[in-house]
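Each chain, letter by letter, is given below.
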Amino acid sequence: MKIRPTASAIPRHRFPAEPWRLVETEPSPHDLGLTETLFAIGNGYIGMRANPAEGRDAHTHGTYVNGFHETWQIEHAEEAVAFAKTGQTLVNVPDAKLLKLYVDDEPLLLDAADLDHYERVLDFRSGVSHRELLWRTPGGKRLHIRSERLVSLEHRHLAVMHMELTLLDDSAPIVISSQLLNRQDGEDEYHVRAAALGEGTDPRRARKFDRRVLVPRLDRHDDADDPAGGQATLGYRCKNSGMTISCAYRHVVESACDYTVTTEVGDDLAKSDFSFDAHADETIRITKYVAYHTSRGVPPEELADRCTRTIDRARRAGRAQIYAQQRTWLDSFWSNSDVEVVGDPAAQQAIRWNLYQLAQASARTHEQGIGAKAVTAGGYDGHYFWDTEVYVLPFLAYTNPEAARKLLRFRYHMLDAARARASELSQVGALYPWRTINGEEASAYYAAGTAQYHINAAIVYALEKYLNATGDVEFLADEGAEMLVETARLYEDLGFYATNGARHFHIHGVTGPDEYTTVVNDNLYTNVMARFTMRYAARSLAFLKEWNPDAYAAIARRTGVSDAEIASWHRACDAMFLPYDDELGIHPQDAGFLERERWDFSVTPSEKYPLLLHFHPLVIYRHQVLKQADVVLAMFLRGEHFDVDQKRRNFDYYDPITTGDSSLSACVQSIVAADVGYDDLALDYFHQSLYLDLADTHGNTADGVHIANAGGVWAGLVYGFAGLIDTGDHLEFRPRLPDTWTSMSFGLQRHDSSIRVTVDREGATIEHVSGFPVPIRTSDGHDVLVDADTPLRVT
């Protein structure tokens, strides 16, 4: 796989390595998209890109609300039965970040400003992003500016902006123009820049609309007599999807200077202009409380009332209390989720940045999904993919089980749509979409989209991880079992039996996770994961039947599942065909994979990656070349079915033909490399994953954080270097710490208990922190209950 520059590509004079902060010491107009993403803030519901408060210079101005989307008709050049019909795109909601600044009527424009000092910080412990400037204005006056931004991890609908201004040596008129701007449909400086940049042909980028999306339904100015300008509210309805939104702001001003305020509210802009007679050494403080509320159809007027209540509560609490709540929330998060590495300060910072992205993506989803870019940008149109279940949910299962449960309930709510999609494709059961927001398949390209039948198995894998970590059998009884029945039912119906010397169960016409090899027969990953799904469904139903017969009877009534059908799943699993080549001693990725020509990497220059942007799909499909390695992923997720020699031979074959064009590739290559004893390569691939966004190694971090890769970073640490195995009955650890690290420690939650694992170069120590004793299997096969009195050492 291609090894890209990682930590060495980060200019440390601009971005010093600090353990708990991401710091930028000087601005640059050349990587605005990158820094807008790296310093973005969110809470899983609201997301705000790190655009400057003054609003001018930006790669992509962006504010997003999870799941708030517009729909559009997918137009196919040639229609066919059951092609995806409804496109879905995350909407860029009205931007409340704007606090434009003028001194002597001269605007602060960052790219042209004379700055004596600049620092921007994303603080992982406080949850506040701040920027400090010392600006020498065009008139020669010096102004200290501190601006802060917070999206509340405690209060789902709340964001807070704060600005402090101090003239150091003179008086001047200062104007702060606080705005709420509909950038989705309005005309401003960004739209000119976006047109100049062009959209190109990159399918990973967000769709741009050529029509109005947000239809104005409300503009309101309340409490106009308030000396801080009262409250401004805008409300909209999406033209096609019918989703509604209201957003509002209100200010608190602290200043000894005289000032006036004027507020204007229109269809696409609410603006409050504060004019101060500012004097030297007198600090002006202005706090902007912002609320967003959305719905699938509740009138904006009602949502506006909710905004008012959110802001009123925030104003009563005050900024200091909101900041304290943010810190408390993060104290708990880090207590459960931190991974401490000794011996590599740069890696420590990068690890915590990735973990912080997971916090911001999952804190307040409230049974929404987590999109491929979370709420940091509109990349991939804000769609939810299977990546969340495989890469993000395991992290949550062991650190924040309630958040994991909400993600599974999100998939449960989509079950009826998945049933309908299966029926459209002439199958029984349920077929979850490859990419979606509202539950409908949104991929217009079926070969790399709908054909990925493995999505069902990803959801079942996530359910298994959650149940192993929590023991939440009530969720299994209430929702999980129904998903298991319908996903297993789909696979048994999808496959067929054939006799070629032996009776085998085959699954044809599918695409695995590797999008460079499509619509194939007997994709190994799909078959392995389909077998897992059917077996896990059968085993779970057998447990449910014994543990809670009434719950089992209810599932049988709802789904019609019978003992005969469950027996058919067992037969399919027993007969499942898994491709294997005796001569090479490897598992071919699919039945015909080894018949293809190998890609000639020696004549493929670096500027031709990713291949998907430079070669017609048919050119790629006819070669042995991988975006990510399906067989390697199968060995990670279902490692118990491959012995070490098989894993090593498979890895040796597929690693050289894997481009790593997928952001999901490096973390898995790292984990399996560690498993088969390739320690140096494991660390190399871990660095590829760790710095993927921070060093922009894929060149598209401007389109948003690769949130599944952030989960992959945690997986690389815990499954890769600590060697975690969770069988459901006990935990195992097979530690293999990188030689350049002194130690690594992290926490895990299991069945309402918690443990602390410390890995060093000789092994690992497992200590009990709280709850019941935790069963751990030692390297010699003995099971030990670890409690407060019996820490365990494994090697």
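Parameters and conventions
- Residues numbered from 1 in each chain as written.
- Predicted model: local features only at pLDDT ≥ 70, side-chain atom pairs only at ≥ 80, totals over all residues.
- Heavy atoms only, no water.
- Buried < 20%, exposed > 50% of the residue type's maximum accessible area, 1.4 Å probe, protein only.
- Helix = DSSP H or I, 4+ residues; strand = E, 2+ residues; numbered from the N terminus.
- Contact = heavy atoms within 4.5 Å.
- Pairing = 2+ DSSP bridges.
- Lys, Arg positive; Asp, Glu negative; His and termini not counted.
- Salt bridge = Lys/Arg side-chain N within 4 Å of Asp/Glu carboxyl O.
- Core = buried A, V, L, I, M, F, W, Y, C linked by side-chain atoms within 4.5 Å.
- Phe/Tyr/Trp six-rings, centres within 6.5 Å; stacked < 30°, edge-to-face > 60°.
- Expected span 1.5 Å × (residues − 1).
- Arc of directions from axis to C-beta.
- Axes fitted to C-alpha atoms, helices over the stretch in contact; angles between N-to-C directions.
- Parallel < 35°, antiparallel > 145°, perpendicular 65-115°, else oblique.
- Nonpolar A, V, L, I, M, F, W, Y, C, P; charged D, E, K, R; others polar.
- Left-handed = near helix turned anticlockwise from the far one by under 90°.
- Disulfide = S-S within 2.5 Å.
- Polar contact = N/O pair within 3.5 Å; in protein donor to acceptor, adjacent residues only side chain to side chain.

A. Fine view of helix α15 (residues 630-637). Most of α15 is tucked away, with eight of its eight residues classed as buried. If you check which residues of α15 are buried, you get Asp630, Val631, Val632, Leu633, Ala634, Met635, Phe636 and Leu637. Close packing links the buried residues of α15 with α6 (387-399), α9 (455-470), α11 (524-547), α16 (644-654), α17 (665-675) and α19 (707-721).

B. Quick look at the sheet that holds strand β7 (residues 99-103). Strand order in this open sheet of five strands is β8-β7-β13-β18-β17, and the pairing throughout is antiparallel. The strands lining the two open edges of the sheet, one partner per strand, are β8 (106-107) and β17 (259-265). Summarising the sheet, β7 and strand β13 (residues 172-181) pair through five bridges and their orientation is antiparallel. Paired with lysine 100 across the strands is serine 177, a residue of β13.

C. Fine view of the side chain of aspartate 123. Topologically, aspartate 123 is positioned in strand β9 (residues 114-123). Within the buried set, aspartate 123 has no salt-bridge partner at all; the shortest N-O distance to an opposite charge, 4.8 Å, is to arginine 125. Setting aside anything within four residues of it in sequence, one finds aspartate 123 in contact with Trp20, Arg21, Val128 and Tyr356.

D. Local environment of the environment of threonine 137. Relative to the assigned elements, threonine 137 resides in the loop between β10 (129-136) and β11 (142-151). In this structure threonine 137 comes out as buried when scored by relative accessible area, which is 5%.

E. Quick peek at the nonpolar core. Within the largest apolar cluster, 222 residues are counted, with the highest numbers of intra-cluster contacts made by Ile174, Tyr292, Trp386, Phe733 and Met744. Looking at this core, the element that brings in the most residues is α11, giving twelve residues. Ignoring anything within four residues of it in the chain, the contact list for isoleucine 174 reads Leu101, Tyr102, Val103, Leu143, Leu165, Leu167, Phe274, Ser275, Phe276, Ala278 and Ile284. Among the nonpolar cores identified, the runner-up in size contains twelve residues, and Val128, Leu158, Ala248 and Ile322 belong to it.

F. Region of the structure containing the packing of aromatic side chains. Taken as a whole and judged by the stated rule, the model has 28 aromatic pairs. Taking the centre distance of 5.1 Å and the plane angle of 85 degrees together, the rings of tryptophan 20 and tryptophan 334 count as edge-to-face. Taken as a pair, tryptophan 20 in the segment before β1 (21-24) and tryptophan 334 in helix α4 (residues 319-337) lie far apart in primary sequence, 314 residues in all. Taken as a pair, tryptophan 20 and tryptophan 334 share a single burial class, namely buried.

G. Inspection of α4 at higher detail. With 19 residues, α4 should reach 27 Å at 1.5 Å per residue; the first-to-last C-alpha distance of 26 Å fits that figure. Within α4 the residues assigned to the buried category are Ile322, Tyr323, Gln326, Trp329, Leu330, Phe333, Trp334 and Ser337. In a view along the axis of α4, the buried residues occupy a sector of 135 degrees, so they form one face of it. Opposite its buried face, α4 presents the exposed residues Ala320, Thr328 and Ser335, each directed more than 90 degrees away.

H. Main features of the pattern of salt bridges. Throughout the structure, instances matching the rule amount to 49 salt bridges. For the salt bridge of aspartate 645 with arginine 648, the shortest nitrogen-to-oxygen distance reads 3.6 Å. Here the residue aspartate 645 and the residue arginine 648 both occupy positions in helix α16, the gap between them amounting to three residues, near one helical turn. When its relative accessible area of 45% is taken as the criterion, aspartate 645 is described as partly exposed. Classification of arginine 648 by relative accessible area gives partly exposed; the value is 27%. What you see here is one network of salt bridges that share partners, running through Asp416, Arg419, Glu482, Glu486, Arg489, Arg558 and Glu565.

I. View of the pairing of strand β28 (residues 753-760). As paired elements, strand β27 (residues 743-750) and β28 share eight bridges and run antiparallel to each other. Following the sheet pairing, leucine 748 is matched in β28 by isoleucine 755. In this structure, the hairpin formed by β27 and β28 is closed by a connection of two residues, where histidine 751 is found at a positive phi of approximately 50 degrees. By the bridge criterion, six bridges tie β28 to strand β29 (residues 764-770) in an arrangement that is antiparallel. Bridged to threonine 758 within β29 is threonine 765. With antiparallel pairing between neighbouring strands as the criterion, β28 and β29 make up a hairpin whose turn holds three residues.

J. Structural view of the pairing of β10. The element β10 is largely enclosed, with a buried count of seven among its eight residues. From the end of β9 to the start of β10, which pair antiparallel, there are five residues, and glycine 127 there has a positive phi angle of about 70 degrees. Sheet topology note: the β10/β11 ladder contains eight bridges and is antiparallel. When the bridges of β11 are listed, serine 129 appears paired with arginine 149. Between β10 and the antiparallel strand that follows it, β11, lie five residues; glycine 140 among them carries a positive phi value of about 90 degrees.

K. Representation of the packing of α6 against α9 within the structure. Packing of α6 against α9 brings their axes to within 9 Å, and their N-to-C directions diverge by 10 degrees. Comparing the axis directions of α6 and α9 gives the class roughly parallel. Two secondary-structure elements touch here, α6 through Glu389, Val390, Leu393, Pro394, Ala397 and Tyr398 and α9 through Ala458, Ile459, Tyr461, Ala462, Lys465, Tyr466, Ala469 and Thr470. In terms of residue class, the contact of α6 with α9 is made up of eleven nonpolar, one polar and two charged.

L. Structural view of the sheet that holds β28. The strand order β20-β27-β28-β29-β32 describes an open sheet built from five strands, whose pairing is antiparallel. Of all strands in the sheet, those bounded by a partner on one side alone are β20 (339-342) and β32 (792-794). The mean inter-strand angle of the sheet, taken between neighbouring strand axes irrespective of direction, is 20 degrees. Sheet analysis places β29 next to β32, joined by three bridges and oriented antiparallel. Bridge pairing links threonine 765 to arginine 793 in β32. Along the sheet face, α19 touches β20, β27 and β28 and points at about 95 degrees away from the line of β27.

M. Expanded view of unusual backbone geometry. Across the junction of tyrosine 609 and proline 610, the peptide omega takes the value -5 degrees, indicating a cis bond. Structurally, proline 610 is set in the loop between β23 (597-598) and α14 (617-621). Here the phi dihedral of glutamate 367 falls at roughly 70 degrees; this positive angle occurs in a residue that is not glycine. Assignment of secondary structure puts glutamate 367 in the loop between α5 (345-362) and α6. A residue is classified by how much of its surface remains accessible, and glutamate 367, at 24% relative accessible area, is partly exposed.

N. Looking closely at the packing of α5 against α19. Running from N to C, α5 and α19 cross one another at 125 degrees; their axes reach a closest spacing of 9 Å. The angle between the axes of α5 and α19 places the two elements in the oblique class. Where α5 crosses over α19, the handedness of that crossing is left-handed. Of the residues in α19, those touching α5 at Ile351, Asn354, Leu355, Gln357, Leu358 and Ala361 are Ile707, Asn709, Ala710, Gly711, Val713, Trp714 and Leu717. Residues that form the contact of α5 with α19 fall into these classes: nine nonpolar, four polar and no charged.

O. Quick look at the state of the cysteines. Applying the stated criterion to the full structure yields zero disulfides. Cysteine 307 takes part in no disulfide bond, and the closest cysteine sulfur to it belongs to cysteine 247, at a distance of 6.7 Å. Judged by its relative accessible area of 0%, cysteine 307 is buried.

P. Molecular detail of the side chain of glutamate 148. Positionally, glutamate 148 belongs in strand β11. According to the relative accessible area criterion, glutamate 148 is buried, its value standing at 9%. A distance of 2.5 Å separates the side chain of glutamate 148 from the side chain of tyrosine 323, its partner in a polar contact. If sequence neighbours within four positions are ignored, glutamate 148 has contacts with Val128, Ser129, His130, Val160, Met161, His162, Arg319 and Tyr323.

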